[in-house]
Amino acid sequence: MCHSAFTTNRNMKETAPLTMKDIARELGVSVATVSRALKNSPRISQERRTMIQEYAREHDFTPNVIAESLRYARKQPLKIIGVIIPEFAHYYFSTVLAGIEEEASSRGYRIMVAQSEERYEREVKICQSFFENKVCGIIVSQAKDTQKYDHFAKLQDAGLPLVFYDRICTGINASRVVVDDYMGAFNAVTYLIETGCTRIAFYGSAMTMEISKNRFNGYKDAMLKRGLHYDASLTYICDNRADAEVITPGVLQREDGPDAFFAINDDTAIGILYTAKRMGFRVPDDIAICGFTNGQRAVACDPMLTTVEQRGKRVGEEAASILIDQVEGHIATDQVVKRVVRTKLVVRGTTK
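Please read all numbers here as calculations on a predicted model, not as lab measurements.

### Looking at the overall build of the protein chain
Of regular secondary structure, the protein chain possesses 13 helices and 12 strands. Along the three orthogonal principal directions, the C-alpha set of the protein chain runs to about 90 × 55 × 35 Å. Of all 352 residues assigned to the protein chain, the portion counted as buried reaches 49%. Contacts in the protein chain between residues far apart in sequence, at least 24 positions, make up 71% of those at least 6 positions apart.

As structure tokens, then:
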């Protein structure tokens with residue numbers, strides 16, 4: 001038994017991966033010399049570089065990328081971007097993430113992703129974790145219940161580039177990428193009016209978020225511009241399918257009920273659609289419905305959903321581009337860059 005254990009340990013030692021320290025010992029040079037030679041540094045003579053490189057090839061040496069990254073991180077941040085999304089399940093955020101990853105990868109960066117689950121406390125912890133892990137910058141869409149911004153201010157004070165997307169933080173003067181929420185809503189509601197709708201209900205998020213304010217203002221201004229009365233009783237705080245299925249029956253049973261709905265996102269709009277059909281309403285003949293996202297679910301329902309295309313992938317690409325430009329010094333870290341991605345209305349079967 002003892003002999004067997006000794007043999008196993010010896011074999012493990014013999015087959016252990018070759019390290020730069022091993023090469024340095026065998027060739028009688030320093031580890032730093034080996035490292036520089038393997039990177040083809042001109043600080044090492046050509047003869048010595050060739051000797052070390054050939055030895056490494058002959059012995060199938062593979063550099064320890066993780067160890068090298070950690071050594072590099074002691075001097076400066078890694079080429080890793082921290083990304084905070086409110087929730088993975090939301091189609092829009094997944095498309096933004098795809099855009100961020102694609103742009104980052106094309107420029108030699110990787111991403112580290114975490115979801116806040118729409119919770120302020122979790123968002124604060126993620127920011128701290130990203131900072132401790134020496135990311136080179138952070139791209140974030142803030143959680144719904146974030147009301148304090150000290151965690152973002154601390155990142156800025158530490159000189160870490162910060163770019164907001166979708167849900168921007170008005171309390172922090174930082175770069176941002178948004179879609180034209182106001183015009184997206186304005187054009188959608190204008191279309192509903194042009195197709196004969198006169199009482200349009202609005203389902204939105206709490207007005208503490210800029211996207212909620214902008215989409216509501218677009219909705220309201222479109223009606224006022226077309227001479228329609230704005231009825232505050234047709235405005236509801238409702239931004240998910242579950243709540244839409246609870247609220248909508250009462251809305252549709254009103255004597256002065258709506259003939260159309262404009263919802264802040266597709267999931268909410270689909271909740272309205274499901275409920276209206278279950279109650280016997282014909283869509284779009286009795287009730288017209290418009291969402292905001294243009295995710296995969298918009299074409300998976302019956303009838304397919306009219307909605308505003310957000311172009312999440314483009315938002316992600318722009319956010320990553322700004323952040324990397326700041327990291328690399330093409331844009332000053334204290335310069336605030338604001339970019340707006342245009343939306344478009346996609347007309348389908350839930351409107352006339």
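### Things to note about helix H3 (residues 31-38)
The complete set of buried residues in H3 reads Thr-33, Val-34, Ser-35 and Ala-37. Where H3 is buried, its residues touch helix H2 (20-27) and helix H4 (46-58).

### Examining the packing of aromatic side chains
Inspection of every chain in the model, using the stated rule, returns 13 aromatic pairs. Here Phe-202 and Phe-262 contribute two aromatic rings whose centre-to-centre distance is 6.1 Å and whose plane-to-plane angle is 35°, an arrangement assigned as tilted. With Phe-202 in strand E6 (residues 200-204) and Phe-262 in strand E8 (residues 260-263), this residue pair connects regions lying 60 residues apart in the sequence. By relative accessible area, Phe-202 is classed as buried at 1%. By relative accessible area, which is 0% here, Phe-262 ends up buried. Grouped by ring-pair contacts, the aromatic residues Phe-202, Phe-216, Tyr-219, Tyr-230, Phe-262 and Phe-292 constitute a single cluster. Sitting above the plane of the Phe-292 ring, Arg-215 keeps its charged end 3.8 Å from the centroid. Over the face of the ring belonging to Tyr-274 we find Arg-241, whose NZ or CZ atom lies 5.2 Å from the ring centre.

### Points about the pattern of salt bridges
Applying the stated criterion to the full structure yields 24 salt bridges. For Glu-118, the salt bridge identified is with Arg-167, shortest N-O distance 2.6 Å. Separated by 49 residues along the polypeptide, Glu-118 in the loop between strand E2 (110-115) and helix H7 (120-132) and Arg-167 in the loop between strand E4 (162-165) and strand E5 (175-179) bring together distant segments of the chain. Taken as a pair, Glu-118 and Arg-167 share a single burial class, namely buried. Note that Lys-144 is salt-bridged to Asp-239, the shortest N-O span being 2.8 Å. Placement of Lys-144 in the loop between strand E3 (137-140) and helix H8 (150-157) and of Asp-239 in the loop between strand E7 (235-237) and helix H11 (241-252) is noted, with a sequence separation of 95 residues between them.

### Here we look at the environment of Asp-256
Here Asp-256 is to be found in the loop between H11 and E8. Here Asp-256 falls in the partly exposed class, since its relative accessible area comes to 39%. In the structure, Asp-256 is positioned 22 residues away from Leu-234 in sequence and 9.7 Å away in space, judged by C-alpha atoms. Within the structure, the side chain of Asp-256 is placed 3.0 Å from the side chain of Arg-254, a separation counted as a polar contact.

### A word on the sheet that holds E4
Spatial ordering of the open sheet is given by E2-E1-E3-E4-E5-E11, a layout of six strands whose pairing is parallel. Edge positions in the sheet fall to E2 and strand E11 (338-341), since each of these pairs with one other strand and no more. Going across the sheet, the axis of each strand differs from the next one's by a mean of 15°, ignoring polarity. Taken together, the three bridges between E3 and E4 define a ladder with parallel strand orientation. By the bridge assignment for E4, Ile-138 is matched with Leu-162. Contacting strand E1 (80-85), E3, E4, E5 and E11, helix H13 (residues 312-327) runs over the sheet at an angle of about 170° to E5.

About the cut-offs
- In this numbering scheme, every chain counts its residues from 1 along its sequence in written order.
- Only residues with pLDDT of at least 70 get local features here, since the model is predicted, and only at 80 or more are side-chain atom pairs given and counted; chain-wide, interface and lining totals rely on the full set of residues.
- Note: side-chain values were computed over all heavy atoms of the structure, leaving out hydrogens and water.
- Per the convention used, a helix needs a DSSP run of H or I reaching at least four residues, while a strand needs a run of E reaching at least two, with both numbered from the N terminus.
- Three labels apply to residues, based on accessible area from a 1.4 Å probe with only protein chains included: buried if under 20% of the type maximum, exposed if over 50%, partly exposed otherwise in between.
- Any two residues whose heavy atoms approach within 4.5 Å at even a single point are treated as in contact.
- Only Phe, Tyr and Trp rings are paired, with Trp represented by its six-membered ring, and only when their centres lie within 6.5 Å; those with planes under 30 degrees apart are stacked, over 60 edge-to-face, the remainder tilted.
- Counted as over-ring charges are cases with an Arg CZ or a Lys NZ within 6 Å of the ring centre that also lie within 35 degrees of the ring normal.
- Salt-bridge detection follows one rule: a side-chain nitrogen of Lys or Arg within 4 Å of a carboxyl oxygen of Asp or Glu.
- Any pair of N or O atoms that falls within 3.5 Å is considered a polar contact. Within protein, one atom must be able to donate a hydrogen and the other to accept it, and sequence-neighbouring residues count only if both atoms are side-chain atoms.
- We treat two strands as partners when DSSP finds at least two bridges between them.
- Axis angles are defined between N-to-C directions and span 0 to 180 degrees, where every axis is a line fitted to C-alpha atoms and, for a helix, only to the segment in contact.

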